[in-house]
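So you can see what is in the structure, the chains are spelled out below.
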Amino acid sequence: MKIFLIGFMGAGKSSLGKKLAARLGLSFLDTDSFLESKQGRTITEIFEQEGEGYFRKLEAEYLRELADIERVVVATGGGLPCYQQNMDWMNEQGVTIYLEVPEDVLVNRVLTDNNKRPLLQGKSADQLSEYVKGTLAKRNKYYYQAQFVCHAAHPMDELVDVLAGYFRRFYVSSFQNEADSPG
Ligand code: S3P
């Protein structure tokens with residue numbers, strides 16, 4: 001079983017994912033870091049050298065390499081659910097959770113931390129705000145295909161408590177089923 005965390009840049013997928021994985025005794029994987037380590041270059045370099053279309057192809061290809069990995073929390077890149085039927089694939093492979101954060105909170109977060117994100121670089125505060133609002137409106141159609149929507153503006157530790165409490169029973173029962181099964 002896999003848990004996929006999806007949502008816009010700045011939604012807190014990686015921070016929450018690491019904590020949730022630790023609480024559930026699962027491993028953690030971040031699709032951006034996975035892609036960078038496979039490619040031996042940063043996402044910014046891939047965007048600069050090959051363009052966004054190529055990055056989206058890589059993202060989809062490496063996502064599907066996770067098919068055989070079980071018991072993992074996956075933090076996905078913000079655009080990943082919106083391309084190459086990735087949302088359908090994740091919904092077939094495991095549990096999908098949309099970390100929904102109000103757009104003004106997202107704008108504030110990316111304003112202070114946008115230097116690793118090629119789609120945000122070089123934008124003024126007004127342009128960033130426009131970009132976040134416009135892009136979120138288009139992406140929500142995909143994000144809302146998630147099986148769970150989590151209002152992620154709450155304090156991170158409270159969210160982790162709620163999600164860990166909810167998902168723990170599934171992991172415990174799947175463990176027990178494995179232990180009970182013959183052979
Ligand atoms: C992107 C989000 C980034 C990264 C890339 C593109 C996007 O991931 O995949 O810069 O299209 O929203 P984070 O959501 O982890 O910042």
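In the block above lies the structure referred to throughout.
Residues numbered from 1 in each chain as written. Predicted model: local features only at pLDDT ≥ 70, side-chain atom pairs only at ≥ 80, totals over all residues. Heavy atoms only, no water.

With that settled, the discussion passes to the pattern of salt bridges. One pass over the full model with this rule turns up 7 salt bridges. K2 is the partner of E70 in a salt bridge, and the nearest nitrogen-oxygen pair spans 3.1 Å. In this pair, E70 sits in the loop between α4 (52-64) and β3 (72-75) while K2 sits in strand β1 (residues 2-6), placing the two residues 68 residues apart along the sequence. When the shortest N-O distance is used, the salt bridge between K19 and D157 registers 3.0 Å. Remark: D157 occurs in helix α8 (residues 156-180) and K19 occurs in helix α1 (residues 13-24); sequence separation between them is 138 residues. When its relative accessible area of 38% is taken as the criterion, K19 is described as partly exposed. Connected through salt bridges with shared partners, the residues E52, R56 and E59 form a single ionic network. (Salt bridge = Lys/Arg side-chain N within 4 Å of Asp/Glu carboxyl O. Helix = DSSP H or I, 4+ residues; strand = E, 2+ residues; numbered from the N terminus. Buried < 20%, exposed > 50% of the residue type's maximum accessible area, 1.4 Å probe, protein only.)

The subject of this paragraph is the packing of aromatic side chains. For the structure shown, the criterion picks out 8 aromatic pairs. Ring geometry for Y98 and Y144: centres 5.5 Å apart, planes at 80°, overall edge-to-face. A residue pair is termed long-range when its members are at least 10 positions apart, and Y98 in strand β4 (residues 95-100) and Y144 in the loop between α7 (125-143) and β5 (148-151) qualify at 46 residues. Assessed through its relative accessible area of 43%, Y144 is described here as partly exposed. Here F148 and Y166 contribute two aromatic rings whose centre-to-centre distance is 5.6 Å and whose plane-to-plane angle is 70°, an arrangement assigned as edge-to-face. Placement of the pair is F148 in strand β5 and Y166 in helix α8, with a sequence separation of 18 residues. (Phe/Tyr/Trp six-rings, centres within 6.5 Å; stacked < 30°, edge-to-face > 60°.)

In the vicinity of the ligand, 14 residues are found, and the nearest of them are K13, D32, R56, R117 and R139. Residue R56 places a side-chain N or O atom 2.7 Å away from an oxygen atom belonging to the ligand. Note that an oxygen atom of the ligand is positioned 2.7 Å from one of the side-chain N or O atoms of R139. A per-class count over the shell around the ligand returns 5 nonpolar, 3 polar and 6 charged. (Near = heavy atom within 4 Å. Polar contact = N/O pair within 3.5 Å; in protein donor to acceptor, adjacent residues only side chain to side chain. Nonpolar A, V, L, I, M, F, W, Y, C, P; charged D, E, K, R; others polar.)

Tracing the backbone shows Q85 in the loop between β3 and α5 (86-93). When the C-alpha positions of Q85 and D157 are compared, they lie 32 Å apart, and in sequence the two are 72 residues distant.

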